[in-house]
Amino acid sequence: MAVAEQTTSEPKPDAAAEHGPEPGSLLDWLTTVDHKKLGLLYIFLSLFFLVVGGIEALLMRWQLMWPDYDFVTRDRFNALFTMHGTTMVFFVGMPILIGLGNYFVPLMIGARDMAFPRLNAFGLWATLFGGFLVYFSFATGGAPALGWFAYAPLTEKTFSRGPATDLWALGLIVSGAGTIAGGVNFIATILGMRAPGMTLFKVPFFVWTMLWTSFLILVAIPPLTAGLIMILLDRNLGAHFFDAQNGGSAIMWQHMFWFFGHPEVYILILPVFGMVSEIIPVFSRKVLFGYEFMAAATMGIAFVSLGVWAHHMFTVGMTRTQDLFFVASTLIISIPTGIKFFNWLATMYGGRLRFESPMLFCFGFLSMFLIGGLTGIMLAAAPFTFQLSDTYFVVAHFHWVLIGGTLFGTFAGIYYWYPKMTGRMLDERLAKWQFWLLYIGFMLTFGPMHISGMLGMARRIYTYEADRGWMFWNQLTTVGALIQAPSFAIFIWNVIVSWRKGKPAGDNPWDAWTLEWATASPPPSYNFEEVPVVHSRRPLWDLKHPDDPDWKYEHE
Amino acid sequence: MNELTAPAAPPAGQEPAPGAGETPSGPEAPPPITPEKTLQPAQWGMICFLASEAAFFCTLITAYLTFLGSAAADADPKPADALKLSLLVIASTLCLLSSSFTVHKAEGALRAGRQGGFCLWWGLTILLGVIFLTGTGVEWRELIVEKHLTISRNLFGTSYYTLVGFHALHVTGGVIAMSVVLGMGLRNEVTAKNHLGAEMVAWYWHFVDGVWVVVFTVVYLVGS
Ligand SMILES: [Cu+2]
């Protein structure tokens, strides 16, 4: 019961802080190597880019409100969807998950910090400056207009003359280096710094998913980096990698990009699976159903997701054998995903459910991710994709996964952990407003896209003729986007106001069981006064129920 | 934390309590904890970093092999005309391979506390790395000046210079890192008690060596 010996009442003055910059000062935030501050900075960074990317989306939606409209020009529209996709994937999705991981992985495994604190700071600043590099392109006379997957030969000098494409590639190389640094750090921390007794099969599920996310980061980002370097060599030194006129291969870029691009989807969803697997048990008052199967399913997803990439390329004209292989591998991935889904349901089954904000967003996640997953199975069938590739049906599908899955799950995580990070609760009433505006707005935005897609509306067109019959569906979509917009404003307002004025949270407001709740809120800079000792997957349960601890029933 | 230390708190949820029927004769002690054997975080970190490097080089090698097939229809010079298993290539390859041996000897000396031996073997490794880089430089000069092969000349040049160039860049990085370690070793800042950093640089060096074995096989044995 060594956990019991820790007291977290009076944080001692930090020894390091006595010499460094004044705690809380601007210099302190700029030079910090503390995983909690860096985690918060990651989250702020991604919220900033979320607003930017959201405004880009709204501008596009307004342009598509009416047929033959000229609210934004064709070229600017191309820049908008390129920057929207790039921003949301690289500067919102990954940083917010890496930020939450940064904050909570060390706390959940009872460590003092990440394995390499300075590398951690490098990761943050590389991500931020990578984002700035990409956005600097606006100052050079126009953002890149390539689409976020930047198909060759559009990236060649012949087709994109300005420096925007170079800045785009450079920015993604820099932020990619930061992401790889994050991945290295997570794995070293999780494998090398767990509290005594916390074997690899006793780690909180979020930690387990961060481990496999990091594995995917290490395997998937370097090929993208190599491809981006090839783009820069083509453009600046006259190399011919993707230069089809001189024998280069445009299709090779597609393979490289999607070898990154598909695992990237799982980089964006596995940590969310982890958060949801933390929250649902706590708010159902039950242990996670089938931890071992969930863990194996995570591993399975990580490996299988490396072999499905060309399902993004069915219309490129691969051989039939290739088509069949990628159809099969893509369908196989629905098995571990399905296992997870049923385990979450089984965790809730018979539990004493509480419907506070984290659980509310988990419901959003479960219901929406299910639909996104089902359209994914539809699109995995190559003949189906032959019909609908590059239409709004595909846009609907991946937004349903990334917003319905990643975003709802991430909000669940933020509502769950905000009390730990700040010592104060987020406002529940604002949370409900945010949730329902987002939920309804989201369905109204992306539901009609399935139909406009099936009616033949191609993605990325900047306008359409009136007689196409697409106007009604586009207007529904735009109205939905306008309903979503205030939900984000409410969220940011809630974060700001509750920071100072929220209800005090205490150490463990949700009566949860993992180690991060064993220390103060917010945690002192040293995290734990004494190294906690762990005997089961729910150390705080054991502590509270010494007569009936979990370690009696858990076997390895 | 106070409420958590009080064992009398009733369970808040309805978790199954299979042990509820037992007599509450005081809490049972958990089984003792056996310390886990794991690598140091720095070692895990280096393995991860090298794994990401491996993924990077795999991509470059895939590109090289992809274009090797289409090089026939390409502008001259072809790989077979430009690349020879010359004495220069073999000698510099041997230098790099033997540097894996010298760095291993250096590590052994460091761990045994022979500071002088460490600096000597370590310095020799740097020298071998520099010789390899010089060899690459001489070969590139010949390719560019005499065979007119540049990165923009044809697909072979494009993929050859990228692959071999990135490897040479990694060797350069290794030489710089090793020089830093050597400087610290000479000032007795890298010692038997403090050898993890040097060991990690050595791991990196072995990796760069291993990559060259693959690059050499692909470029000089299979490709030409
Ligand atoms: Cu995919």
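Let me begin by describing the structure that accompanies this report. Just so you know, these numbers come straight off a predicted model, no measurement behind them. Within each chain, residue numbers correspond to sequence positions counted from 1 in written order. Just so you know, chain letters begin at A and ligand numbers begin at 1, following the order they were written in. Confidence filtering applies because this is a predicted model: local features only for residues at pLDDT of at least 70, side-chain atom pairs given and counted only at 80 or more, and all residues used for totals across whole chains, interfaces and linings.

## Some points on the overall build of chain B
Here is the rule we go by: Helix and strand assignments come from DSSP, with helices taken as H or I runs of at least 4 residues and strands as E runs of at least 2, each series counted from the N terminus. For every residue, the other C-beta atoms within 10 Å of its own C-beta are counted; 20 or more classify it as buried, 12 or fewer as exposed, and values in between as partly exposed. C-beta atoms are placed from the backbone. Two residues form a contact once the distance between their C-beta atoms, set from the backbone, is within 7 Å.
Scanning chain B from N- to C-terminus turns up seven helices and zero strands. Helices and strands appear in chain B in the N-to-C order α-α-α-α-α-α-α. When each of the 224 residues of chain B is scored for burial, the buried share is 35%. Excluding contacts between residues fewer than 6 apart, the proportion of contacts in chain B whose partners are at least 24 apart in sequence is 80%.

## Some words on the overall build of chain A
Applied cut-off: Atoms counted for the radius of gyration: C-alpha only. Globule rule: 2.2 Å times the number of residues to the power 0.38.
Counting its secondary structure elements, chain A contains 16 helices and zero strands. The globule rule puts the C-alpha radius of gyration for 556 residues at 24 Å, and the 23 Å found for chain A is close to it. For chain A, the C-alpha atoms occupy an extent of roughly 70 × 55 × 45 Å along the three principal directions. The buried share among the 556 residues of chain A stands at 58%. Considering only intrachain contacts with a sequence separation of at least 6, the fraction spanning at least 24 residues in chain A is 82%.

## A word on helix α5 (residues 164–192) of chain A
Applied cut-off: Helix span, expected: 1.5 Å multiplied by one less than the number of residues in the helix.
For α5 of chain A, spanning 29 residues, the distance from its first C-alpha to its last is 42 Å, which sits close to the expected 42 Å at 1.5 Å a residue. Where burial is concerned, most of α5 of chain A is hidden: 27 out of the 29 residues are buried.

## Thoughts on the environment of Tyr 204 of chain B
Residues and elements named next belong to chain B. As for its position among the elements, Tyr 204 is in helix α7 (residues 196–222). Residue classification places Tyr 204 among the buried residues on the basis of 20 C-beta atoms within 10 Å. Spatially, the C-alpha atom of Tyr 204 lies 37 Å from that of Ala 75, the residues being 129 residues apart in sequence. Ignoring any residue separated from it by four or fewer positions in sequence, one finds Tyr 204 in contact with Met 46, Leu 50 and Gly 174.

## A look at the packing of helix α3 (residues 74–108) of chain A against helix α6 (residues 205–237) of chain A
All names here are of chain A. In plain terms, the rule: Here, axes are lines fitted to C-alpha atoms. For helices the fit covers the stretch in contact, and angles between N-to-C directions go from 0 to 180 degrees. Under this scheme an angle from 65 to 115 degrees is roughly perpendicular, one under 35 degrees roughly parallel, and one over 145 degrees roughly antiparallel; angles in between are oblique. The crossing is said to be left-handed when, going from far helix to near helix, the turn is anticlockwise and less than a right angle, and right-handed when the turn is clockwise. The residue classification treats Ala, Val, Leu, Ile, Met, Phe, Trp, Tyr, Cys and Pro as nonpolar and Asp, Glu, Lys and Arg as charged. All others, Gly included, are polar.
Closest axis-to-axis distance for the α3/α6 pair is 10 Å, and the angle between their directions is 120 degrees. Considering the angle they form, α3 stands oblique to α6. In terms of crossing hand, the pair formed by α3 and α6 is left-handed. Each of Gly 101, Phe 104, Val 105 and Met 108 in α3 lies in contact with α6, whose residues at this interface are Phe 206, Val 207 and Met 210. Residue composition of the contact of α3 with α6, grouped by class: six nonpolar, one polar and no charged.

## Focus: helix α9 (residues 320–332) of chain A
Residues and elements named next belong to chain A. Condition: Directions drawn from the helix axis to the C-beta atoms are what define this arc.
With 13 residues, α9 should cover 18 Å at 1.5 Å per step; its first-to-last C-alpha distance of 18 Å lies within 8% of that length. Looking at α9, one finds that the buried residues are Phe 326, Val 327 and Thr 330. Angularly, the buried residues of α9 cover 105 degrees about the axis, an arc narrow enough to put them on a single face. Every exposed residue of α9 that faces more than 90 degrees away from the buried side is listed here: Arg 320, Thr 321, Leu 324 and Ala 328.

## A look at unusual backbone geometry
All names here are of chain A. The omega angle of the peptide bond from Ala 152 to Pro 153 is 0 degrees, so this bond is cis rather than trans. Checked against the element boundaries, Pro 153 lands in the loop between α4 (117–136) and α5. With an omega of -10 degrees, the peptide bond running from Ser 521 to Pro 522 counts as cis. Secondary-structure assignment places Pro 522 in the loop between α15 (471–501) and α16 (539–544). Not every positive phi belongs to a glycine, and Ala 150 is a case in point at roughly 45 degrees. The residue Ala 150 is located in the loop between α4 and α5 in this model. Ala 150 sits in the buried class, given 24 other C-beta atoms within 10 Å.

## Quick look at the packing of α3 of chain A against α5 of chain A
Residues and elements named next belong to chain A. Relative orientation of the contacting elements α3 and α5 amounts to 20 degrees, with a least axis distance of 11 Å. Viewed along their axes, α3 and α5 adopt a mutual orientation that is roughly parallel. The hand of the α3/α5 crossing is left-handed. From α3, Thr 86, Phe 90, Met 94, Ile 98, Gly 101, Val 105 and Pro 106 reach across to α5, where they touch Trp 168, Leu 172, Ser 175, Thr 179, Gly 182, Phe 186, Thr 189 and Ile 190. Looking at the contact of α3 with α5 residue by residue, the class counts come to nine nonpolar, six polar and no charged.

## Re the nonpolar core
Residues and elements named next belong to chain A. Defined as follows: Residues of type Ala, Val, Leu, Ile, Met, Phe, Trp, Tyr and Cys that are buried and joined through C-beta atoms within 7 Å form what is called a nonpolar core.
Formed by 235 residues in total, the largest nonpolar core has its most connected members in Ile 109, Ile 190, Val 207, Val 276, Ile 279 and Ala 412. With 21 residues, α6 is the single largest residue contributor to this core. Those residues within four positions of Ile 190 in sequence are excluded, and the remaining contacts are Val 105, Ile 109, Val 203, Val 207, Met 210 and Leu 211.

## Some words on the environment of Leu 128 of chain B
All names here are of chain B. By secondary structure assignment, the location of Leu 128 is in helix α5 (residues 115–146). Using a count of 22 C-beta atoms within 10 Å as the deciding quantity, one classes Leu 128 as buried. On a C-alpha basis, the gap between Leu 128 and Ser 99 in space is 6.0 Å, while along the polypeptide they are 29 residues apart. Filtering out sequence-adjacent residues up to four positions away, Leu 128 remains in contact with Cys 95, Leu 96, Ser 98, Ser 99 and Thr 102.

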